[in-house]
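# Results of the structural survey
Here are the chains, one letter per residue:
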Amino acid sequence: MRYGAALVDGVRRTVVVVGEEAAVLPSGAPTPDDAVRDAAALEAVRDAAQDAPRVPLAGLDLRAPLERFNRDILCTGWNYWEHFEESQGKREGQDPKERPKHPTFFTKGPDTVIGPFDGIAFDPDISAKWDYEAEVAIVIGKTGRSIPEDKALDHVGGYLIANDVSQRDLQRAHGGQWLKGKSIDATMPLGPWITTPDEIADPHDLAITFDLNGVRLQDSTTKLTAFSFARVIAELSWGMTLRAGDVVLTGTPHGIGNAREPQIFLAEGDELVTRVAGLGELRNRMVRTRLA
């Protein structure tokens with residue numbers, strides 16, 4: 001099932017994507033936030049979609065499917081080796097001495113989250129180096145701690161797409177900690193909906209691309225992750241409870257703007273299109289916004 005949220009007649013409603021249409025659930029139906037936390041709510045969404053009125057998916061005002069966050073977005077860095085290597089010598093003195101032997105984790109604030117077609121807040125007074133990062137995101141559907149790797153995917157409630165728009169100068173300016181350069185408000189599109197695991201034959205066989213103003217800058221596959229999604233969940237949960245509703249980003253492939261020669265950074269008016277096969281697409285523009 002593919003389910004999310006849309007504004008219909010000014011009211012946020014749960015929707016279920018069925019081909020080129022969306023079933024619009026009645027007011028009072030479980031929200032996507034409810035469904036990822038409770039199996040009964042998920043089944044209620046599935047059942048309600050059978051008889052719900054349908055509208056064309058095209059033109060539907062889709063919103064970020066999740067809006068109730070337990071905590072910061074949990075993120076994985078350097079999870080594609082080509083991406084790790086492309087930035088060697090370009091991290092302003094913050095290069096590790098060797099490839100990490102474990103996933104690298106950081107967080108970003110939940111106020112970064114916007115919808116799949118929303119404008120990305122852009123303020124050049126905040127940063128001069130706005131970069132893109134196409135990623136697969138996971139929403140945890142089953143709470144657990146110290147989850148064994150061979151059981152880790154049982155804890156996945158669904159898959160989404162994210163673009164971890166980052167401010168590279170802020171990322172480098174605060175002692176090597178990435179939180180600040182990853183947490184600017186209204187800068188991370190998420191969606192377009194939640195795809196349940198039964199719809200994905202192999203999460204490590206998904207094409208992932210990013211286009212900037214019609215030019216393909218990232219073109220890869222989740223086959224190339226340095227650490228599998230199961231490994232990411234297992235190590236992140238080691239001694240630390242992951243709760244249903246937590247969102248985990250799984251890393252970006254090579255092709256980021258900061259690593260290019262010459263470098264490419266985002267500017268006002270740029271169109272960003274982020275796609276993952278089987279999960280849909282995000283389509284956003286950089287919109288001048290006063291953040292400073």
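Preceding this paragraph is the structure being described.
Below you will find a few notes about this structure.

So, how was this worked out
Residues numbered from 1 in each chain as written. Predicted model: local features only at pLDDT ≥ 70, side-chain atom pairs only at ≥ 80, totals over all residues. Heavy atoms only, no water. Helix = DSSP H or I, 4+ residues; strand = E, 2+ residues; numbered from the N terminus. Rg over C-alpha atoms; globule rule 2.2 N^0.38 Å. Buried < 20%, exposed > 50% of the residue type's maximum accessible area, 1.4 Å probe, protein only. Contact = heavy atoms within 4.5 Å. Areas by Shrake-Rupley, 256 points an atom, 1.4 Å probe, with all protein chains shown as cover. Lys, Arg positive; Asp, Glu negative; His and termini not counted. Charge placed at Lys NZ, Arg CZ, Asp CG, Glu CD. Pairing = 2+ DSSP bridges. Axes fitted to C-alpha atoms, helices over the stretch in contact; angles between N-to-C directions. Core = buried A, V, L, I, M, F, W, Y, C linked by side-chain atoms within 4.5 Å. Polar contact = N/O pair within 3.5 Å; in protein donor to acceptor, adjacent residues only side chain to side chain. Phe/Tyr/Trp six-rings, centres within 6.5 Å; stacked < 30°, edge-to-face > 60°.

## Let's talk about the overall build of the protein
- Within the protein one finds 5 helices and 19 strands.
- In terms of overall dimensions, the protein is globule-like: its C-alpha atoms have a radius of gyration of 18 Å, near the 19 Å expected for 292 residues.
- Taking the principal axes of the C-alpha coordinates as reference, the protein spans close to 55 × 45 × 30 Å.
- The buried share of the protein, taken over its 292 residues, is 54%.
- Put simply, 77% of the contacts in the protein that link residues at least 6 apart link residues at least 24 apart.
- For the protein, the exposed area adds up to about 12,200 Å²; of that, 49% sits on carbon and sulfur atoms.
- For the protein, the separation between the mean place of its 33 positive charges and that of its 44 negative charges on side chains is 3 Å.

## Here we look at the sheet that holds strand β16 (residues 215-221)
- Overall, mixed pairing links the 5 strands, which are arranged β9-β19-β18-β15-β16 in an open sheet. Edge positions in the open sheet fall to β9 (120-122) and β16, since each of these has one partner strand only. Neighbour-to-neighbour, the strand axes of this sheet turn through a mean angle of 15°, independent of strand direction.
- Bridge count between β9 and strand β19 (residues 280-288): 3 bridges; the pairing is parallel. Among the inter-strand pairings, Phe122 is bridged to a residue of β19, identified as Arg288.

## A few points about the nonpolar core
- Judged by nonpolar contacts, the single largest core of 39 residues is most densely connected at Ile138, Tyr159, Ile233, Leu266, Leu272 and Leu279.
- Of all the secondary structure elements, the ones that give two or more residues to this core are β9, β11 (134-140), β12 (156-163), β15 (207-212), α5 (229-236), β18 (271-276) and β19.
- By residue number, the principal contributor to this core is α5, which donates 5 residues.
- Those residues in contact with Tyr159 that sit more than four places away from it in its chain are Val136, Ala137, Ile138, Leu153, Trp193, Ile194, Thr195, Pro197, Ile200, Pro203, Phe229 and Leu279.

## Observations regarding the pairing of strand β14 (residues 188-195)
- Burial of β14 is extensive: 8 of the 8 residues sit out of reach of the surface.
- Here 2 bridges tie strand β8 (residues 113-114) to β14, and the two strands are oriented parallel to one another. Within β14, the residue paired with Ile114 across the bridge is Pro189.
- Alignment of β12 against β14, held across 3 bridges, turns out to be antiparallel. Across the sheet, Ala162 pairs through a bridge with Leu190, a residue of β14.

## Digging into the side chain of Thr225
- With respect to the helices and strands, the residue Thr225 is situated in the loop between β16 and α5.
- One polar contact links Thr225 to His204, side chain to side chain, over a distance of 3.3 Å.
- Among the polar contacts listed, one links the side chain of Thr225 to the backbone oxygen of Thr222, at a separation of 3.3 Å.
- Ignoring any residue separated from it by four or fewer positions in sequence, one finds Thr225 in contact with Asn79, Tyr80 and His204.

## Regarding the packing of aromatic side chains
- Under the counting rule described, the total for this entry stands at 8 aromatic pairs.
- With centroids separated by 4.4 Å and ring planes inclined at 15°, the aromatic side chains of Tyr132 and Phe210 adopt a geometry described as stacked. Here Tyr132, found in the loop between β10 (130-131) and β11, pairs with Phe210, found in strand β15; they are 78 residues apart in sequence, far enough to count as distant. Neither residue differs from the other here; Tyr132 and Phe210 are each classed as buried.
- Here the aromatic cluster, defined as three or more aromatic residues joined through ring pairs, consists of Trp78, Trp81, Phe84, Phe106, Trp178 and Phe227.

## Quick word on the environment of Pro262
- Mapping Pro262 onto the fold places it in the loop between β17 (247-249) and β18.
- By relative accessible area, which is 70% here, Pro262 ends up exposed.
- Spatially, the C-alpha atoms of Pro262 and Lys101 are 30 Å apart, while their sequence positions differ by 161 residues.

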